[in-house]
Amino acid sequence: GGHTGESGGERTDKMLWAELETALAAQAWEGAALQELWQLIAGVLLLGNVRFDAANTDAAAVEGSSAPSVAGCEAVLGLQQGSLAKALTKRKLKVGGDMVEKDLSLVAAGDNRDALAKAIYSKLFDRLIVQINRALAEARNIYSPRATAHVIGIVDIFGFEIFEKNSLEQLCINFANEKLQAL
């Protein structure tokens, strides 16, 4: 009981999770690689929870209520404690022969956070596609850097869609569309 599942569907969250695990296993995502996948996804999600104090627009600071998200993100991404907040709110500049830190504005810190989340997610998405293509090729015993048969390609002909509750599949579709439009 209490499992919401897909909108309008009959499958519960538990059923959908089992389906996801089966699909990942079929693509040879296991052990340390699977653990890393979940850690990177968790890092992106935790980054999305980081908020900055709106009281000071010239020198961004992470809101106190975001401290658990920052600490969790640092933990799952293997970052040194305290390094993420500094990386999101400060910029290092070389002035003469010296390195100096400059505070980022509230807007710049938000852009910095979003760019980091997007970069992590982009690399993870690329890795996921490579892994799927490799698994498909190995299943047909044709893997080589020049092999082009039996590869996955994603096209979203409907563009970016916004739903009340987005699923991982919709996130992948929207991201793929953005990548295609950037080509």
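Bear in mind that the values here come from a model prediction, so they are computed numbers and not experimental data. (Residues numbered from 1 in each chain as written. Predicted model: local features only at pLDDT ≥ 70, side-chain atom pairs only at ≥ 80, totals over all residues. Heavy atoms only, no water.)

Participant: I'd like a description of the nonpolar core, backed by residues and values.
Facilitator: Ranked by size, the top nonpolar core spans 19 residues in total, and within it Leu47, Phe52, Leu84, Leu88, Tyr121 and Phe125 carry the most contacts. Elements supplying a minimum of two residues to this core: α2 (31-48), α3 (67-77), α4 (83-89), α5 (106-139) and α6 (168-182). It is α5 that provides the largest number of residues to this core, a total of seven residues. (Core = buried A, V, L, I, M, F, W, Y, C linked by side-chain atoms within 4.5 Å. Buried < 20%, exposed > 50% of the residue type's maximum accessible area, 1.4 Å probe, protein only. Helix = DSSP H or I, 4+ residues; strand = E, 2+ residues; numbered from the N terminus.)

Participant: A description of the environment of Ala60 should follow, citing residues and the corresponding values.
Facilitator: Secondary-structure assignment places Ala60 in the loop between α2 and α3. The spatial distance from the C-alpha of Ala60 to the C-alpha of Lys86 is 9.9 Å, given a sequence separation of 26 residues. Ignoring any residue separated from it by four or fewer positions in sequence, one finds Ala60 in contact with Phe52, Thr89, Leu104, Ser105, Leu106 and Ala109. (Contact = heavy atoms within 4.5 Å.)

Participant: I'd like a description of the pairing of strand β1 (residues 90-95), backed by residues and values.
Facilitator: Examined bridge by bridge, β1 and strand β2 (residues 98-103) share six bridges and lie antiparallel to one another. Within β2, the residue paired with Leu93 across the bridge is Val100. From the end of β1 to the start of β2, which pair antiparallel, there are two residues, and Gly96 there has a positive phi angle of about 65 degrees. (Pairing = 2+ DSSP bridges.)

Participant: How would you summarise a nonpolar patch on the surface if you had to cite specific residues and measurements?
Facilitator: Residues Leu93, Val95 and Val100 make up a contiguous nonpolar surface patch of roughly 210 Å² in combined accessible area. For Val95, the position within the fold is in strand β1. The class of Val95 is partly exposed, set by a relative accessible area of 48%. (Patch = residues over 30% accessible without salt bridge, like charges linked within 9 Å, V, L, I, M, F, W, Y side chains within 5 Å. Areas by Shrake-Rupley, 256 points an atom, 1.4 Å probe, with all protein chains shown as cover. Salt bridge = Lys/Arg side-chain N within 4 Å of Asp/Glu carboxyl O.)

Participant: Give a detailed account of the pattern of salt bridges, specifying residues and quantitative values.
Facilitator: Within the structure shown, the criterion is met by five salt bridges. Linking Arg11 and Glu19 is a salt bridge whose minimum nitrogen-to-oxygen distance equals 2.3 Å.

Participant: Let's hear about the packing of helix α1 (residues 13-26) against α2: which residues, and what values?
Facilitator: Remark: α1 packs on α2, axes separated minimally by 12 Å, with the N-to-C direction vectors making an angle of 130 degrees. Classed by the angle they form, the pair α1 and α2 counts as oblique. Crossing handedness for the pair α1 and α2: right-handed. Facing α1, whose interface residues are Trp17, Leu20 and Leu24, α2 presents Leu34, Leu37 and Trp38. Tallied by class, residues from the contact of α1 with α2 come to six nonpolar, no polar and no charged. (Axes fitted to C-alpha atoms, helices over the stretch in contact; angles between N-to-C directions. Parallel < 35°, antiparallel > 145°, perpendicular 65-115°, else oblique. Left-handed = near helix turned anticlockwise from the far one by under 90°. Nonpolar A, V, L, I, M, F, W, Y, C, P; charged D, E, K, R; others polar.)

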